[in-house]
Amino acid sequence: MNEMEFDKALSNFLDDTQCEAVSEALFGLVRSAFAAGWRAAMGSDLKELMDEDG
């Protein structure tokens, strides 16, 4: 497969609705994990340290 064929195949894959759905689900998982960590940090001693630096 040459570079142009690869680029076309990748573009078709990324434009696919299933790829979009998987990307949205993955983003949702990452966002939820980040939010959980953020909430946990804000309820811990880390919040006091962050408040002192800011």
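Residues numbered from 1 in each chain as written. Predicted model: local features only at pLDDT ≥ 70, side-chain atom pairs only at ≥ 80, totals over all residues. Heavy atoms only, no water.

Looking now at the overall build of the protein chain. Broken down by element type, the protein chain carries 3 helices and 0 strands. The helix and strand sequence of the protein chain, counted from the amino end, reads α-α-α. Summing over all exposed atoms, the protein chain offers an accessible surface of approximately 5,000 Å²; the carbon and sulfur share of this is 61%. (Helix = DSSP H or I, 4+ residues; strand = E, 2+ residues; numbered from the N terminus. Areas by Shrake-Rupley, 256 points an atom, 1.4 Å probe, with all protein chains shown as cover.)

Moving on to helix α2 (residues 17-42). Its 26 residues give α2 an end-to-end C-alpha distance of 37 Å, which sits within 8% of 38 Å, the value for a rise of 1.5 Å per residue. For α2, every residue scored as buried is listed here: Cys 19, Ala 35 and Ala 41. For α2, the N-terminal cap is Asp 16; the gap from its side-chain oxygen to the backbone nitrogen of Gln 18 is 3.0 Å. (Expected span 1.5 Å × (residues − 1). Buried < 20%, exposed > 50% of the residue type's maximum accessible area, 1.4 Å probe, protein only. Polar contact = N/O pair within 3.5 Å; in protein donor to acceptor, adjacent residues only side chain to side chain.)

Across the protein chain, the average pLDDT comes to 87, with 89% of residues at or above 70. Model confidence for the protein chain, summarised as mean pLDDT per element, is weakest for helix α3 (residues 45-53) at 69 and strongest for helix α1 (residues 3-15) at 93. (pLDDT = per-residue confidence, 0-100.)

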